[in-house]
Amino acid sequence: MADVTDLTEAAGTGEAGAAALGYEQARDELVDVVRRLEAGGVTLEESLALWERGEELARICGHWLEGARARLDAAIAESEGAAAREEADGAGE
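Residues numbered from 1 in each chain as written. Predicted model: local features only at pLDDT ≥ 70, side-chain atom pairs only at ≥ 80, totals over all residues. Heavy atoms only, no water.

Chemist: Could you give an account of the overall build of the protein, with specific residues and numbers?
Modeler: Helices and strands together make up the secondary structure of the protein, namely four helices and zero strands. Helices and strands in the protein line up, N terminus first, as α-α-α-α. With 93 residues in all, the protein has 19% of them scored as buried. When the accessible surface of the protein is totalled, it reaches about 6,500 Å², and 55% of it is carbon and sulfur. (Helix = DSSP H or I, 4+ residues; strand = E, 2+ residues; numbered from the N terminus. Buried < 20%, exposed > 50% of the residue type's maximum accessible area, 1.4 Å probe, protein only. Areas by Shrake-Rupley, 256 points an atom, 1.4 Å probe, with all protein chains shown as cover.)

This is the structure in structure tokens:
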């Protein structure tokens, strides 16, 4: 089991933390953190470190999901714009 130092060092900070972990890796680690917290048997200090790590991992997952949503919105807008242009071109003929 990782000690508090390992957990806080692994947490990363800011954008560097998000860049260092992909979505799936952060999600899987978050699931593990939750499982360990729910299982109990850790000291208060370890629980706090796990909670902090979980918060950071949730933030990283949120960052990735926001980026994915922005990419989807842009692709949808581009597709709708192309369809509207084709429709306008067809109407002008």
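Chemist: Describe the pattern of salt bridges, listing the residues and the values that go with them.
Modeler: Applying the stated criterion across every chain yields a total of four salt bridges. A salt bridge links D28 to R27, with the shortest nitrogen-to-oxygen separation between them at 3.1 Å. Classification of D28 as partly exposed rests on a relative accessible area of 45%. Among the ionic pairs, R69 bridges to D73, the shortest N-O distance being 3.1 Å. In this pair, R69 and D73 are both assigned in helix 4 (residues 44-91), four residues apart and thus about one turn of the helix distant. The class for D73 is partly exposed, based on a relative accessible area of 39%. (Salt bridge = Lys/Arg side-chain N within 4 Å of Asp/Glu carboxyl O.)

Chemist: Pulling in residues and values, what's your account of helix 3 (residues 23-39)?
Modeler: With 17 residues, helix 3 ought to run about 24 Å at 1.5 Å a step, and its terminal C-alpha atoms sit 24 Å apart, in line with that. Regarding helix 3, the residues found buried are A26, V33 and R36. Buried residues along helix 3 cover an arc of 85 degrees about the axis, so they all sit on one side. Turned more than 90 degrees away from the buried face of helix 3, the exposed residues are R35, E38 and A39. Looking one or two residues beyond helix 3, the residue adopting positive phi is G40, at roughly 75 degrees. (Expected span 1.5 Å × (residues − 1). Arc of directions from axis to C-beta.)

Chemist: So what's going on with the nonpolar core? Which residues, and what values?
Modeler: Counting residues in each nonpolar core, the largest one holds eight residues, listed as L21, A26, V33, V42, L50, L57, I60 and C61. Counting residues per element, this core draws most heavily on helix 4, at four residues. (Core = buried A, V, L, I, M, F, W, Y, C linked by side-chain atoms within 4.5 Å.)

Chemist: Before we move on, can you summarise the packing of helix 3 against helix 4 with the specific residues and values?
Modeler: Across the interface, helix 3 lies against helix 4 with an axial gap of 9 Å and an inter-helix angle of 150 degrees. Here helix 3 lies roughly antiparallel to helix 4, going by the angle between them. Taken as a pair, helix 3 and helix 4 cross one another with a handedness that is left-handed. Contacts between helix 3 and helix 4 pair Y23, A26, R27, E29, L30, V33, R36 and L37 from the former with S47, L50, W51, R53, G54, L57, A58, I60, C61, W64 and L65 from the latter. In terms of residue class, the contact of helix 3 with helix 4 is built from 13 nonpolar, two polar and four charged. (Axes fitted to C-alpha atoms, helices over the stretch in contact; angles between N-to-C directions. Parallel < 35°, antiparallel > 145°, perpendicular 65-115°, else oblique. Left-handed = near helix turned anticlockwise from the far one by under 90°. Contact = heavy atoms within 4.5 Å. Nonpolar A, V, L, I, M, F, W, Y, C, P; charged D, E, K, R; others polar.)

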